[in-house]
Amino acid sequence: MNKLIPVALLSSVFSMSAMAAESGPLLKKSDFSIGAGIAQNSIDLPPAASGDDDEIGFQFFAAYDLNKVNLMDGVNTSVEFGYMDYGFDGGNSGGIWVTGVVDGAIQGNFGWLGRLGFDLGDDDGPMFGAGVSYKLNSKTELRGEYVIRDNIDSLQVNLAYHL
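Heads up: these notes are all about the structure in this document. Residue indices begin from 1 for each chain and proceed along its sequence in written order. Given that this is a predicted model, residues contribute local features only at a pLDDT of at least 70 and side-chain atom pairs are listed and counted only at 80 or more, while totals for whole chains, interfaces and linings are drawn from all residues. Only hydrogens and water are set aside; all other atoms, that is, all heavy atoms of the structure, feed into the side-chain values.

**Notes on the layout of surface pockets**
Empty pockets left among the atoms are what a rolling probe the size of a water molecule brings to light.
Line of reasoning, step 1. With a 1 Å grid spanning the protein atoms alone, the term cavity applies to any set of points in which a 1.4 Å probe fits but cannot get out, the term pocket to an open set with protein on both sides within 12 Å along at least five of seven lines, and the term lining residue to any residue with an atom within 4 Å of a point. Grid points are joined across faces, edges and corners, and a volume is the space filled by probe spheres set on the points. One number sums up the size of the largest pocket: a volume of about 330 Å³.
Line of reasoning, step 2. Looking at the largest pocket, it is lined by 25 residues, and the ones nearest its centre are Asn76, Asp103, Lys135, Glu141 and His162.
Line of reasoning, step 3. Secondary structure elements are taken from DSSP: a helix is a run of H or I of four residues or more, a strand is a run of E of two residues or more, and numbering for both begins at the N terminus. Those elements that provide at least two residues to the lining of the largest pocket are strand E2 (54–65), strand E3 (75–85), strand E4 (94–107), strand E5 (110–119), strand E6 (125–135) and strand E7 (140–148).
Line of reasoning, step 4. The nonpolar class holds Ala, Val, Leu, Ile, Met, Phe, Trp, Tyr, Cys and Pro. Asp, Glu, Lys and Arg form the charged class, and all remaining residues, Gly among them, are polar. Each residue belonging to the lining of the largest pocket can be placed in one class, and the counts come to six nonpolar, 13 polar and six charged.

Encoded structure:
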C-alpha cells in the first residue's frame, strides 16, 4: 500500500505535465502589448481656486488580449493597466489605473475603442473613455482618446506595440 502512493503521485504529475504540454501556456506572448503616450490633462477646480488647471502628462501601460472573451464578431476585448503622471505640481500627481477595453475596426486601418475601469492614483475612482485608432503596421497602433476620471479629464495620444 505504501509503495502505491509514490507511484500514484508520480503518475498524476506526469499526466498533468502531459495535459499542460498539449494545451500550451496559460498566457501567450503574442497577446501582450506595451505602450506609452502623452496627455493634455484638465482638473476640475472650484471657481475660487487659483492655479493652472491644465497640464501635460505622460503614461505607460501594458495590455493583454482576452481572445476568448470577445463579445461579438469584430469586437476585441483586452485588459490594460498602467501608470500616469498627470503633470500637476506636487508630490502626488499620478498613479496606477486598470481598465477593460473593447475595440474594433471601422474601415481599413482605422478603428474605434472604448474603456471602463478604475484609477487607483490621486484621482481614484471610476474612469471611462473612447477614442479612435490607426494601425501603422501589423504590430504598431496610434490611438487618440478622451478619458474621463473623477476630477481629471485627459485628451491622450498613445502608441501601442503588440508583441
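**Considerations on the packing of aromatic side chains**
Line of reasoning, step 1. Geometry of aromatic contacts follows a simple scheme: Phe, Tyr and Trp rings, the Trp one being its six-membered ring, pair when their centres are within 6.5 Å, and the pair is stacked under 30 degrees between planes, edge-to-face over 60, tilted otherwise. One pass over the full model with this rule turns up four aromatic pairs.
Line of reasoning, step 2. Each ring, one from Phe61 and one from Trp97, has its centre 6.4 Å from the other, and the planes form 45 degrees; the classification is tilted. Residue Phe61 is found in strand E2, and its partner Trp97 is found in strand E4; the two are separated by 36 residues along the sequence.

**Remarks on the pattern of salt bridges**
Line of reasoning, step 1. Within this document, salt bridges are pairs made up of a side-chain nitrogen of Lys or Arg and a carboxyl oxygen of Asp or Glu, the two lying within 4 Å of each other. Under the counting rule described, the total for this entry stands at five salt bridges.
Line of reasoning, step 2. Here Arg149 makes a salt bridge to Asp119, at a shortest N to O gap of 2.8 Å. Of the two residues, Arg149 is situated in the loop between E7 and strand E8 (152–162) and Asp119 in strand E5; the sequence distance between them amounts to 30 residues. Note on accessibility: Arg149 and Asp119 belong to one class, buried.
Line of reasoning, step 3. As a salt-bridge pair, Arg143 and Glu141 come within 3.8 Å of each other at their nearest N and O atoms. You'll find Arg143 and Glu141 in the same group, each marked buried.
Line of reasoning, step 4. If you follow the salt bridges from partner to partner, you end up with Glu80, Arg115, Glu141, Arg143 and Glu145 in one network. Relative accessibility thresholds used throughout: buried, under 20% of the residue-type maximum; exposed, over 50%; partly exposed, between the two (1.4 Å probe, protein chains only).

**Description of the sheet that holds E5**
Line of reasoning, step 1. Here, a strand pair is defined by DSSP locating no fewer than two bridges between the strands. Strand order in the closed barrel formed by eight strands is E1-E2-E3-E4-E5-E6-E7-E8, and the pairing between neighbours is antiparallel. Direction aside, the axes of adjacent strands within the sheet are offset by 25 degrees on average. Only C-alpha atoms enter the line fits that serve as axes; for helices the fit covers just the stretch in contact. Angles between N-to-C directions range over 0 to 180 degrees.

**A word on the pairing of strand E1 (residues 32–43)**
Line of reasoning, step 1. Judged from the 11 bridges that link them, E1 and E2 form a sheet pairing that is antiparallel. Paired with Ile38 across the bridge in E2 is Phe58.
Line of reasoning, step 2. With 11 bridges joining them, E1 and E8 adopt antiparallel strand pairing. Following the sheet pairing, Ala39 is matched in E8 by Gln156.

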